[in-house]
Structure formats: structure tokens, C-alpha cells
Amino acid sequence: MTKTEEWFHPGRVVPASGIYTCDCGRRHHWSTDVKGHRFPPLPPGCPGTAWALDTDAHPDAPGP
């Protein structure tokens, strides 16, 4: 289970740096993304459609 219920599709701008997992439920596909960059495509053969934040890169940082 991810820490957020918000899903981000490939190509959208990454809202917060961290480790994201795909929504396929297998939890074996992940992406480390940097705020302001765009989400990458899901790995080949992955049946998922979106990314969700699993581990925040800066959990103690103040919000926007």
C-alpha cells in the first residue's frame, strides 16, 4: 500500500521527490522521481496505468 491515494500518470509533472510505485499491485515496479521532472512511462509489460508516492524523499520538510 502506498502512503497516498493520489495517482499520477506518466508524463505528468512530479509534485514531490520520492520513490513511486505503479498501480499494478505487484510492487515490483518503482521509479525514483525528482520534483518538477515528468513521470516516466511504466516499465514494458507492466499492466499498471499510474504512479503513486511510496516514500517521500524529504519527509520532514515543511509543506508548500
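Refer to the structure above for everything that follows.
The following refers to the structure shown. (Residues numbered from 1 in each chain as written. Predicted model: local features only at pLDDT ≥ 70, side-chain atom pairs only at ≥ 80, totals over all residues. Heavy atoms only, no water.)

### What to know about the overall build of the protein
From N to C terminus, the protein includes 0 helices and 3 strands. If you list the helices and strands of the protein from N to C, you get β-β-β. Restricting the contact set of the protein to residue pairs at least 6 apart, pairs at least 24 apart contribute 55%. (Helix = DSSP H or I, 4+ residues; strand = E, 2+ residues; numbered from the N terminus. Contact = heavy atoms within 4.5 Å.)

### Comments concerning the sheet that holds strand S2 (residues 30-33)
Within a sheet, each strand pairs with its neighbour through backbone hydrogen bonds, oriented either parallel or antiparallel. Read across the sheet, 3 strands follow the order S2-S1-S3 without closing on themselves; strand pairing throughout is antiparallel. Of all strands in the sheet, those with a lone pairing partner are S2 and strand S3 (51-56), marking the two edges. The sheet shows a mean angle of 35° between the axes of neighbouring strands, direction not considered. As judged from the 4 bridges shared by strand S1 (residues 18-22) and S2, these two strands associate in the antiparallel manner. Bridge pairing in S2 links Tyr 20 to Ser 31. (Pairing = 2+ DSSP bridges. Axes fitted to C-alpha atoms, helices over the stretch in contact; angles between N-to-C directions.)

### Here we look at the pairing of S1
Consecutive side chains of a regular strand alternate in pointing toward one face of the sheet and then the other. Where burial is concerned, most of S1 is hidden: 4 out of the 5 residues are buried. Here S1 runs beside S3; their pairing, made up of 5 bridges, is antiparallel. Bridging from a neighbouring strand, Gly 18 pairs with Asp 56 of S3. (Buried < 20%, exposed > 50% of the residue type's maximum accessible area, 1.4 Å probe, protein only.)

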